[in-house]
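# Residue-level structure breakdown
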Amino acid sequence: MDNIYNKMLEFAKKHIEPYTTDVDKNATFPKESFDALKKERITALLVPKEYGGMGLSLEEHAQTVLAFASTCATTALCYMMHNVATNCIVTHGSEELKQKFLPKIANGEILLALAYSESGSGTHFYQPELKVTKKDNKYILNGRKSFVTSALYADYCLIDANSIDTEGLDNWLVHKDLMGVSYQESNWDGLGMRGNASMPMLLENVQIGSEYRLGEAGSAEEQIFNTVGPFFILGLSAVYSGVALNACNTIIDYAKNRKYPDNTTLSNIPTVQNHISKIYTKATSAKHFTLAAAKSGATGQEDALAQIISARLNASEVAVDVCTLAMKIGGGTAYAKRIKIERLLRDAFAAQVMAPSTDVLSTWLGKALTDQPIP
Ligand SMILES: Cc1cc2nc3c(=O)[nH]c(=O)nc-3n(C[C@H](O)[C@H](O)[C@H](O)COP(=O)(O)OP(=O)(O)OC[C@H]3O[C@@H](n4cnc5c(N)ncnc54)[C@H](O)[C@@H]3O)c2cc1C
């Protein structure tokens, strides 16, 4: 744990932190950070060694995302989605697809994103309405995906659609420059996560061959729930635990250094000490719960999915709670945006609405714990 987590913290300090303020202020994609990520081949984290990657898995995914998020939630989220799609290729791609994609993902030539959400199905992204028809040996995709994070920067998007060959869903890898693909280039103006570059993607008569489908026709629902789901839900847990850790470190530092005329500091006030104690306990618990859930998934424990969902629910709540309390400690200075807590609070609010939303997930957890099918 310590090696990869600490290495990624160092990377974040050098290549992510210098850009976080501008990424938020100007709502720009963290391109410099991703250039460095590609150069240092961190895009290769989940690519097996035989394809030129690092051959790592769920635990290191969580550790890396957590380390990045404790500096910048936006960068961590975009990176997390790249890993999720990569892992789906590793697990379900044909040998031909793996040969074509994995070495290039490993060396930073290909960055991936997820285009699942649609305006119609909203948080229920596993119920797409994208239309698929077939002509000769090509599949033709028509429709609109909403909220594509890393749009324009990711080379390929993993897209879910109803299968035309059989019942169920298909997962497709669609290149951003394929004829018929375009983005509604409105600048993402979200409350937080402002560098995400999320925007709608239009697919108009996009022709694609079956070699870009992951797995057998109709198998994507199983991919979404068994492969994409755990890596994505755990990834969100890591992102929002990272936000809580960032707020915790920031406010402790601020409380120690904010001086009154009598030379006492904020941190000398017992009420503030109690708040800090609560913040630290919550943020640290979110971190350790996320890492424990990752371990349970990696070691195939029976209740791994329940742990992963639960860690994500916990982290989502903790991030908002910790940032809210930190805003109180930061006083007018925090409210006036002179320290970064307000940014972290805005980022934290995304946790509850990102699909599967916390309300939906909490129902799923209840089902999982009582042996009922999800969703
Ligand atoms: C920062 C950010 C980045 C994103 N990036 C991507 C991306 O890269 N790719 C992608 O595919 N999507 C992405 N999304 C989309 C996102 O994950 C959701 O799909 C989208 O926010 C759903 O929006 P909606 O308004 O249509 O939700 P709705 O479906 O209208 O839901 C609205 C509210 O109703 C609640 N609700 C709905 N159904 C139920 C139910 N059955 N039980 C209980 N509560 C329910 C939800 O919890 C939610 O709070 C992103 C979203 C955000 C905020």
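Residues numbered from 1 in each chain as written. Predicted model: local features only at pLDDT ≥ 70, side-chain atom pairs only at ≥ 80, totals over all residues. Heavy atoms only, no water.

Under the annotation held in an unreviewed UniProt entry, the protein carries the name Acyl-CoA dehydrogenase and is attributed to Malaciobacter molluscorum LMG 25693. The UniProt entry for the protein carries the following text under Sequence similarities (unreviewed entry): "Belongs to the acyl-CoA dehydrogenase family." (UniProt positions renumbered as here; feature names shortened; annotations may be inferred.)

### Side note on the packing of helix α4 (residues 58–69) against helix α7 (residues 220–257)
Axis separation between α4 and α7 bottoms out at 7 Å; the angle between their running directions is 35°. Between α4 and α7 the crossing geometry is right-handed. Facing α4, whose interface residues are Leu-58, His-61, Ala-62, Val-65, Leu-66 and Ala-69, α7 presents Pro-230, Phe-231, Leu-234, Gly-235, Ala-238, Val-239, Ser-241, Gly-242, Val-243, Leu-245 and Asn-246. Among the residues making up the contact of α4 with α7, the classes are represented as 12 nonpolar, five polar and no charged. (Axes fitted to C-alpha atoms, helices over the stretch in contact; angles between N-to-C directions. Helix = DSSP H or I, 4+ residues; strand = E, 2+ residues; numbered from the N terminus. Left-handed = near helix turned anticlockwise from the far one by under 90°. Contact = heavy atoms within 4.5 Å. Nonpolar A, V, L, I, M, F, W, Y, C, P; charged D, E, K, R; others polar.)

### With respect to the side chain of His-92
Relative to the helices and strands, His-92 resides in helix α5 (residues 73–92). Given a relative accessible area of 18%, His-92 falls into the buried group. Look past the residues within four positions of His-92 in its chain and what remains in contact with it is Leu-214, Gly-215, Glu-222, Gln-223 and Thr-227. (Buried < 20%, exposed > 50% of the residue type's maximum accessible area, 1.4 Å probe, protein only.)

### A few points about the UniProt feature "domain: Acyl-CoA dehydrogenase/oxidase C-terminal" (unreviewed entry) in the protein
Mapped onto the present numbering, the UniProt feature "domain: Acyl-CoA dehydrogenase/oxidase C-terminal" (unreviewed entry) falls on residues 236–366. Taken as a whole, residues 236–366 contains 79% helix and 0% strand, while its terminal C-alpha atoms sit 19 Å from one another.

### With respect to the sheet that holds strand β4 (residues 156–162)
The strand order across the open sheet formed by three strands is β1-β4-β5, and the pairing between neighbours is mixed. Edge positions in the open sheet fall to β1 (112–115) and β5 (169–175), since each of these has one partner strand only. For this sheet, the mean inter-axis angle between neighbouring strands, taken without regard to orientation, is 30°. In this sheet, β4 lies alongside β1 in parallel orientation, the contact comprising four bridges. The residue bridging Ala-115 from the neighbouring strand is Ile-159, located in β4. Sitting on the sheet, α7 touches β1, β4 and β5, and the angle it makes with β5 is about 65°. (Pairing = 2+ DSSP bridges.)

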